Amino acid sequence: MAASPLLSVGNLTVDYPSRTGLIRAVDGVSFSISAGSVLGVVGESGSGKSSVGFALMGLTDASKAVLGGTITFEGRDMLTLSRSAWRQLRGDRIAMVFQDAMATLNPVMRIGDQIGEVFRWHRPEMSRRAIRAACLELLERVGIKDAGRRIDSYPHQLSGGMRQRVVIAAAIALKPSLLIADEPTTALDVTVQAQILELMQTLCREQGTALILVSHDLDVVSDVCRDVVVMKDGVVVEAGPVDDVLMNPQHAYTQILLKARPGFGSGHMNTGAPHG
Ligand SMILES: Nc1ncnc2c1ncn2[C@@H]1O[C@H](COP(=O)(O)OP(=O)(O)OP(=O)(O)O)[C@@H](O)[C@H]1O
Ligand SMILES: [Mg+2]
């Protein structure tokens, strides 16, 4: 018998309130991901990719979104969890990296303190000294040179790529079993994009973290992911192993996405092409 998946999403719906009633952004999405694997979620702007990510993180209070269907994570029914139970899981078992590191980071807080918050919140028994040591180690793990000095820097003193490394350090600090990365490299230039993607893959592999990579870039997804879910208008139009879906797309929409990509025909990540 196959082991039960780390996460399974069944018939997920996300509705946003509007003046004219609810708007359905995610309309019956189902997929699952096993421990330690990498799943890509692709689709055009507005197809509901981020809405799925927010739902998985329980980050729907602010938008007042209404969720339906099921989300089962590590055997738990997530849609019946209390807010405090969600807060315990978030940042600990499930973490998320967003596109814009500058918006994720607090501009007036030293980066070491920001990473340290994860420990202060989830591991209150840790001493200040232990937290600082853990932060230093994390900065080194994510490839920040001269971490002993950088730990006291403010976000604006770092490059965009370094800031995203800091965000990744905070996200992986507690070795979550699931990391959701929503367009994590879109704001970065192409050479840095490749480095950050490689870093995330390496870290996830090392600590057995499953990765959901939300992207509009099919080249990136075909390079990084084992399986892919293609979304359009809130619906999954195609899903399966990356090689099957991207090399032999069954759905007209996936064919259009494939033809629209900059490196069309190369079959590999084209880091020389201008990504949108
Ligand atoms: N907070 C919100 N309130 C109302 N509608 C929203 C909200 N967030 C998203 N939507 C709508 O839900 C739909 C899906 O949006 P979502 O951001 O999930 O798409 P996406 O695939 O992540 O797009 P992108 O590639 O541009 O990031 C869109 O029609 C969007 O306008
Ligand atoms: Mg989005």
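The sections below set out a description of the structure shown in this document. (Residues numbered from 1 in each chain as written. Chains lettered and ligands numbered in written order. Predicted model: local features only at pLDDT ≥ 70, side-chain atom pairs only at ≥ 80, totals over all residues. Heavy atoms only, no water.)

### Considering unusual backbone geometry
We apply this condition: Helix and strand assignments come from DSSP, with helices taken as H or I runs of at least 4 residues and strands as E runs of at least 2, each series counted from the N terminus. When accessible area is computed with a 1.4 Å probe and restricted to protein chains, residues below 20% of their type maximum are described as buried, those above 50% as exposed, and intermediate ones as partly exposed.
Residues other than glycine seldom take positive phi values, yet Glu74 does so here, at roughly 45°. Note on placement: Glu74 falls in the loop between β4 (66–73) and β5 (76–77). Within the chain, Lys175 stands out as a residue other than glycine whose phi angle is a positive 50°. Tracing the sequence through the fold places Lys175 in the loop between α7 (160–172) and β7 (178–182). Residue Lys175 is classed as partly exposed on the basis of its relative accessible area of 47%.

### Things to note about the pairing of strand β1 (residues 7–18)
Stated precisely, the cut-off is as follows: Here a strand pair is declared whenever DSSP counts at least two bridges between the two strands.
Looking at chain direction, β1 and strand β2 (residues 21–33) are connected through 10 bridges and run antiparallel. Residue pairing for β2: Leu12 is matched across the bridge by Val29. Connecting β1 to the next strand, β2, in antiparallel fashion are two residues.

### A few points about the sheet that holds strand β6 (residues 94–97)
Counted only if it meets this: Structural elements are reduced to axes, namely lines fitted to C-alpha atoms, with helices fitted over the stretch in contact, and the angle between N-to-C directions of any two is expressed from 0 to 180 degrees. Any two residues having at least one pair of non-hydrogen atoms within 4.5 Å are treated as being in contact.
Here six strands make up an open sheet; going across it, the order is β6-β7-β8-β3-β9-β10 and the pairing mixed. Two strands lie at the open edges of the sheet, namely β6 and β10 (235–241), each paired on one side alone. Put simply, the sheet's adjacent strands are angled 15° from each other on average, direction ignored. Its contacts with the sheet put α7 on β6 and β7, and the angle it makes with β6 is roughly 175°.

### Quick notes on the site of ligand 1
Note the threshold: Proximity is defined per residue: if any heavy atom of the residue lies within 4 Å of a molecule or strand, that residue is considered near it. Each polar contact in these results corresponds to two N or O atoms within 3.5 Å; when the atoms are within protein, one needs to be able to donate a hydrogen and the other to accept it, and residues that are neighboring in sequence are counted only if both atoms are side-chain atoms. As a working rule, the residues Ala, Val, Leu, Ile, Met, Phe, Trp, Tyr, Cys and Pro are called nonpolar, Asp, Glu, Lys and Arg charged, and the rest polar, with Gly in that last group.
Around ligand 1, the surrounding shell consists of Tyr16, Ala25, Glu44, Ser45, Gly46, Ser47, Gly48, Lys49, Ser50, Ser51 and Ser63. Between ligand 1 and the protein, one listed contact pairs an oxygen atom with a side-chain N or O atom of Ser45 at 2.5 Å. One of the side-chain nitrogen or oxygen atoms of Lys49 is found 2.7 Å away from an oxygen atom of ligand 1. The element that contributes the greatest number of residues to the shell around ligand 1 is helix α1 (residues 49–57), accounting for three residues. In the shell around ligand 1, the residues fall into two nonpolar, seven polar and two charged.

### Looking at the pattern of salt bridges
Pairing is possible between side chains of opposite charge, provided their charged atoms come close. Spelled out, the test is: Salt bridge, as used here: a side-chain nitrogen of Lys or Arg that lies within 4 Å of a carboxyl oxygen of Asp or Glu.
By the definition in use, this model includes 12 salt bridges. Across the pair Asp92 and Arg123 runs a salt bridge, and its minimum N-O distance is 3.0 Å. Of this pair, Asp92 sits in the loop between α2 (83–89) and β6 while Arg123 sits in the loop between α4 (111–122) and α5 (128–141), and the two are 31 residues apart along the sequence. Among the residues examined, Asp92 registers a relative accessible area of 10% and is labelled buried. Here Asp227 ties to Arg226 by a salt bridge, and the two come within 3.4 Å at their closest N and O atoms. What emerges from the salt-bridge pattern is a single network uniting Asp15, Arg24 and Asp27.

### Things to note about the pairing of strand β3 (residues 38–43)
Within β3, six of the six residues are buried, which leaves the element mostly enclosed by the surrounding structure. Both faces of β3 are covered, namely the face carrying Val38, Gly40 and Val42 and the face carrying Leu39, Val41 and Gly43. Examined bridge by bridge, β3 and strand β8 (residues 210–214) share four bridges and lie parallel to one another. The residue of β8 that forms the bridge with Val38 is Leu211.

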